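# Analysis of the macromolecular model
One letter stands for each residue in the lines below.
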Amino acid sequence: MTPGPLLLGAAAGLAAGVVAGRWNARVWLALTLVSTAAALGAAGSLLLGGAIWEFVSTFPIAGQPLHLRLDAVSALFLALVAIVGGAGSVYAHEYWSNQDYPQSAPRGRMWWSALLLSMGGVLLSWNGLHFLIAWELFTVAAFFLITLERQRRDVRAAGWLYLSASHLGTMCLFAFFAALAARTGSWELGPMRERTELAPLFWLALVGFGLKAGMFPLHIWLPSAHANAPSHVSAIMSGVTIKLGIYGLLRTTGWLPLPVAAPWILIGLGAITALFGIAFAFAQSDLKRLLAYCSVENIGIILIGLGGALLAVADGHAVWGRLLLAGALFHVWNHGLFKSLLFFGAGSVLHATGTREMSRLGGLWRAMPWTAALFALGAAAISGLPPLNGFISEWLVYLGLFDAVTGRSPAAWAAMPAAIILGITGALALATFVKAGAMIFLGAPRTAAARHAHECGPWMRGPMLVLAILCVAIALAPVVFWPLVARASGAWQPMWTEMPVPASLFTLGSLQIALAGLALAAGLTLWWRARGAGAPRHLTWDCAYAAPSARMQYSSGSFAGIAGGWFAWLLQPQRQLRRPRGLFPAIATRVERVPETVLELIFTPVATVILQVSTAVRRLQHGRLQYYIAYVVVALAGLGSIVVLGGRS
Amino acid sequence: MNSNVNLLVGLAIGLNLLALGSSRLPSVIGAVAVQGMAIGLMPLLLESDFNWIVALVAVGTMAVKGFVIPVLLRRAMRTANIEREVDPSIGFVPSLLLGAGGTIAAVALARALPLLPEHAGSLLVPGSFASVLTGFVLLIGRSKAIAQVCGYLILENGIYLFGLLLIRTTPLLVEAGILLDLTVGVFVIGIIVDRIQRAFDSLDTSKLTVLRE
Amino acid sequence: MNAFAIAFVEFVVRLAGWLVLAPLLPGIINKVKAWVGGRRGPPVLQLYYDLARLWQKGVVLSTLVSPGFVAGPAVAWVAVLGAALLLPLGPIGASLSFHGDVLLLIYLLALARFCMAWAAMETGSAFEGMGAAREVSYAVLAEAALITAVLALSVHSGSVTLVTMLTPAAGAGAVLLAAGLFTVLLAENCRVPFDDPSTHLELTMIHEVMILDHSGPPLAAILHGASMKLLLFAVLLVEAVLPLGGLSRLAAAGALAAGVLVVTVGVGLVESLMARLAFRRVPLLLTTAFLLCLFALLVAWKGGDA
């Protein structure tokens, strides 16, 4: 079946969903699932070898002829949109149900459909103006989804921050597409590498798309938006929508000529984003904020891969560039899958306990075994550990960097620091997710809320299970997914169409299977051996302390104390300490908070200054006609003097 | 022969990092002493035929930098009852990273410089830059006077290393002059340290800011 | 078929070698410590007795733990064993070798760390939280040093495959690399001066405090895995420095064994002659190790240019 009818069906289904969402949850769910399945089918058929689908109509929309096109790069992202979109709609059926949220649930369903539809539009548009329209629509849809719970003040603040930051990005993109259209004479997009005078436009695209992707230091909107949105919205935002920023960068770098410095800047920004993102993530004590910062880190890894691939292109299409690009594209998928899984898990925890603060949780594995097991799987995967899928993409990126180094090309000077930073980032990610998993699910419950938690229902468990299975599938059979990614690489860089599966990936895939099997066998053997002995249960060794309390457990802050301290210059944590005093000390407190450092210490002061200046300038605008006439006269005189003086010289 | 010199310069660079990373004054002084000896040995290795003046200067340098100055510093430390901890204002790990980054930058810079072909493979120039930088980091990032003297000595070692490039053409008197300067400087500092200690009961230069007028 | 049988036998011998020889190392270290301290010390085979005894014993579990408490050590053991099997042994090569296997080795060690830290956090004890936090935090710096060391080897040999990386004669930076890797070995295996394996104060430990609540067969798996990890790092260090590839099989085996013995005795001597560092000093030492590896990398790069 060609993608055309499938895509048309998906679009129609989602458009119907926008209407149906207001009235019936089940009809909406069925419509959304069918539509996402159709979109997935279209993307899959193209990635599996189908021809590029193209649709051109002379019928103008907003003055421009409609031009839709689905190639392998779009299909790769469309598949992710479809999977997470479908899973999220099932999850929302229980998580944001009509019973719990009679006001906002219908609104949420409506905007969810609109979000999916507009993201599809972004991926398919081959016309700059339509791309911008779809981009704006999806930004707005995401804003309404973030602010579903708009009676809460912090949700509203997060929403406004998101909207204003996004519009800064959209402004850059508007300038980018408009300048492009002005110089080429058409809004049509497509490869134009030979027109070298377009190269400087890349910087506009970098800011616009980088802001959406959450590139450091433009990530300021991301943590609060992802933390305060409902969890299924956080999942699709972290897993998918920030990837559209990557999609934009992929398109720009694939089509346009680039400034010479661009690959170096990209790889450098990627390294900084990865390291700083994970440093912030490690220091967070709010679960969803931690996951949000971790998305920043993963965007950094993808940018390292993309920047390295561009270096390889500049270096004469070196082979290692394909590994880096494949690693980046794999990571787009992998991160989309396990980050959505983790946000769903976080949502279940929030649903069951009502708090995102990790130091108020603990011991939830007993009440929520499914969530705990799936979260643990996602945590191991996002830490890039074998035998899971995160390792596959990180391994490809590492391998590309190492090959660039051993090839002794000039790119090695970027690849060596990037590889070292990637290593540090990986170790910090591991620490972060040991902390997150352990604080929530292990040990003893720290509060009553954690003690009375309950497992989530099948509608929430099902999507998590599906995502986990997909993670495991990519992990154990990377060679099956390689051709799909290779096709996207070919669409990005026509010289790279021939990308056979690397022999080492075959070996790695089989080793992953062997490792998974052995780990399972060893775990079961030891568990059986332990149970076989009867395994009496006793209290944890407490050093003979008389009255242990659950609050004595290591907390999130204490766990992050050591490595977080090394980054104190970056994180600028705020501490309040009240020491115990006197013979019978009553109250002693210690509060530690990691602020949104970049936002609070850099952006806000700068914005304040700008605001003050503009307030001062606003006094010129007072409504008195006489003065306005005076302005005109002064301006005319000024212009005239410029003309006269300019003419004289 | 060049490889021997490079080995010594490598040793000097390692001692730079040791001086940056060590938390105790005696080990900083020890690092400076060993570095002085290593640097003093170099003229002998650089000159292919034996030369009395060169030998004399080499022995003199080794004696002064390796024994006299360290002994003076140790004595100053003992008589002034200075605590042995270094007390940094730039932490050890940052100063270590600064020193290492500076060394790498020095290697890159030396490649870019238009050097004589016989000096192209030599580590003398990067070693010199790295030592000067280390000296500055110590001077900026340590508050104890003795540690600052050590930074000054390492800085001087860096200048001396650069001077070795010109060993064929410049009279060694220049080096001797530098050495003399330095010795006088250390003597003066030694005396001042003693006086300050008696007057203020402390050698922490960060407490000596009142006299800035 | 015959070739397959030979390969199979070789694999089994290699596996048995790793499994059986690993517990020797802690015994040798303890013997060296006792010898320096003028005591007779426990027998070299003490760990074997301990392992046998622990495997016989029953398990006591904390009331708080999930099955992950027992599965963690099992997976960690498998991961370390897998990493060990990836390591080539001189001219005999590795049982399985592919482009980029060194990265799998590093990440298998990370997997072991994840599982051990996870199992430690299961108990909810503040002691074990302390140990796990230290383990994963210091590993950040150790990992930087290890990746840099691997980069140095890659640049020197022009390869990302362990077999070819570890064969050529060590370059000019071998001393730097050896010092850096030895420090990483001490840190990753929680030896003095990073951690004191013989201490009995929970507040000052890393590895030992993470396994306070383990008993019976899981504890045996942990101890055996730790000894395999020590052997792995020792073999890696020796092969990175000694050019075993050029020797005959017998000579290489002898050189490897002698090298590992030297490293082990070195660990014992360090342990006898040095005190444990204050924890705030640990990052400084690990940064030094990283810088040593970094300079080894630069030397390797420069060496290839000339």
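Residues numbered from 1 in each chain as written. Chains lettered and ligands numbered in written order. Predicted model: local features only at pLDDT ≥ 70, side-chain atom pairs only at ≥ 80, totals over all residues. Heavy atoms only, no water.

Attention now moves to the overall build of chain B. Summing up its helical and strand segments, chain B has seven helices and zero strands in all. Relative to its 213 residues, chain B shows a buried fraction of 48%. Of all intrachain contacts in chain B linking residues separated by at least 6 positions in sequence, the fraction that spans at least 24 positions is 76%. (Helix = DSSP H or I, 4+ residues; strand = E, 2+ residues; numbered from the N terminus. Buried < 20%, exposed > 50% of the residue type's maximum accessible area, 1.4 Å probe, protein only. Contact = heavy atoms within 4.5 Å.)

Here the focus is a positive patch on the surface. All names here are of chain B. Taken together, the side chains of R24, R74, R75, R78 and R84 define a basic patch exposed on the protein surface. Here R74 is to be found in helix 3 (residues 52–79). Note on R74: relative accessible area 34%, which makes it partly exposed. (Patch = residues over 30% accessible without salt bridge, like charges linked within 9 Å, V, L, I, M, F, W, Y side chains within 5 Å. Areas by Shrake-Rupley, 256 points an atom, 1.4 Å probe, with all protein chains shown as cover. Salt bridge = Lys/Arg side-chain N within 4 Å of Asp/Glu carboxyl O. Lys, Arg positive; Asp, Glu negative; His and termini not counted. Charge placed at Lys NZ, Arg CZ, Asp CG, Glu CD.)

It is worth spelling out the side chain of K339 of chain A at this point. All names here are of chain A. Relative to the helices and strands, K339 is located in helix 12 (residues 319–353). Buried within the structure, K339 lacks any salt-bridge partner; E297 is the closest side chain of opposite charge, at an N-O distance of 6.7 Å. Separated by 2.9 Å, the side chains of K339 and S295 make a polar contact. Every residue in contact with K339, bar those within four places of it in the chain, is listed here: S238, L291, C294, S295, N298 and I382. (Polar contact = N/O pair within 3.5 Å; in protein donor to acceptor, adjacent residues only side chain to side chain.)

The next thing to look at is the environment of A475 of chain A. Residue and element names in this part refer to chain A. Within the element layout of this structure, A475 appears in helix 17 (residues 458–476). Considering only alpha carbons, one finds A475 and I513, 38 residues apart in sequence, at a separation of 8.3 Å. Each residue touching A475, except ones within four places of it in the same chain, is listed here: P387, L388, N389, I392 and Q512.

Moving on: the interface of chain C and chain A. On the chain A side, the residues contacting the 78 residues of chain C number 72 residues. Summed over both sides, the interface between chain C and chain A buries roughly 6500 Å², with carbon and sulfur atoms accounting for 78% of that surface. If you sort the residues of chain C by the area they bury against chain A, Y107, W118 and W301 of chain C come out on top, with a joint share of 12%. Linking chain C with chain A are zero salt bridges. Connecting chain C to chain A are 18 residue pairs in polar contact (both at pLDDT 80 or more). For the side of chain C that touches chain A, the secondary-structure elements that each account for two or more residues are helix 3 (46–56), strand 1 (61–62), helix 4 (68–86), helix 5 (101–122), helix 6 (126–157), helix 10 (216–241) and helix 12 (282–305) of chain C. In terms of residue count, helix 6 of chain C provides more of the side of chain C that touches chain A than any other element does, 22 residues in total. Residue classes in the side of chain C that touches chain A are distributed as 52 nonpolar, 17 polar and nine charged. (Buried area = accessible area lost by both parts, 1.4 Å probe. Nonpolar A, V, L, I, M, F, W, Y, C, P; charged D, E, K, R; others polar.)

Moving on, we get to the domain arrangement of chain A. The domains assigned to chain A are domain 1 (261–522) and domain 2 (599–648). Taking the mean C-alpha position of each, domain 1 of chain A and domain 2 of chain A sit 50 Å from one another. (Domains from an automatic or database assignment.)

A separate point is the confidence of the model for chain B. Residue and element names in this part refer to chain B. Across chain B, the average pLDDT comes to 77, with 72% of residues at or above 70. Here helix 7 (residues 173–200) stands out as the element of chain B with the lowest mean pLDDT, 65, in contrast to helix 4 (residues 92–112), whose mean of 88 is the highest. Both scores are given for the predicted complex: the pTM is 0.92, the ipTM 0.95. (pLDDT = per-residue confidence, 0-100.)

Moving on to helix 3 of chain B. Across its 28 residues, helix 3 of chain B extends 38 Å between first and last C-alpha, which sits within 8% of the 40 Å expected from 1.5 Å per residue. V64 of chain B marks where helix 3 of chain B bends most, by close to 35°. (Expected span 1.5 Å × (residues − 1). Bend = angle between axes of the 7 residues up to and from the residue.)

Turning our attention to the arrangement of the chains. Among the two pairs of chains in contact, the pair with the most contacts is chains A and C. Here chain A and chain B are not in contact; the least distance found between their C-alpha atoms is 10 Å.

As a further point, take helix 8 (residues 174–188) of chain C. Between the first and last C-alpha of helix 8 of chain C there are 20 Å, a value that for 15 residues agrees with the 21 Å anticipated at 1.5 Å per step. Remark: C190 of chain C follows helix 8 of chain C within two positions and exhibits a positive phi of approximately 55°.

It is worth spelling out the environment of P463 of chain A at this point. Residues and elements named next belong to chain A. Within the element layout of this structure, P463 appears in helix 17. What makes P463 buried here is its relative accessible area of 5%. As a C-alpha pair, P463 and V90 span 373 residues in sequence and 6.7 Å in three-dimensional space.

Before going further, it helps to examine the packing of aromatic side chains. All told, the structure shown has 36 aromatic pairs over all chains when counted by the stated rule. Both rings, one in F202 of chain A and one in W203 of chain A, keep their centres 5.3 Å apart while their planes meet at 70°; by these two values the pair is edge-to-face. Accessibility expressed as a relative area gives 1% for F202 of chain A, which makes it buried. Through a chain of ring-to-ring contacts, three or more aromatic side chains come together here, namely F131, W135, F138, F176, F177 and F209 of chain A. The lysine or arginine in question, R408 of chain A, covers the ring of W301 of chain C, its NZ or CZ lying 4.6 Å from the ring centre. Stacked on the ring of F279 of chain C, the Lys or Arg R276 of chain C has its end atom at 4.9 Å from the ring centre. (Phe/Tyr/Trp six-rings, centres within 6.5 Å; stacked < 30°, edge-to-face > 60°. Lys NZ or Arg CZ within 6 Å of the ring centre and 35° of its normal.)

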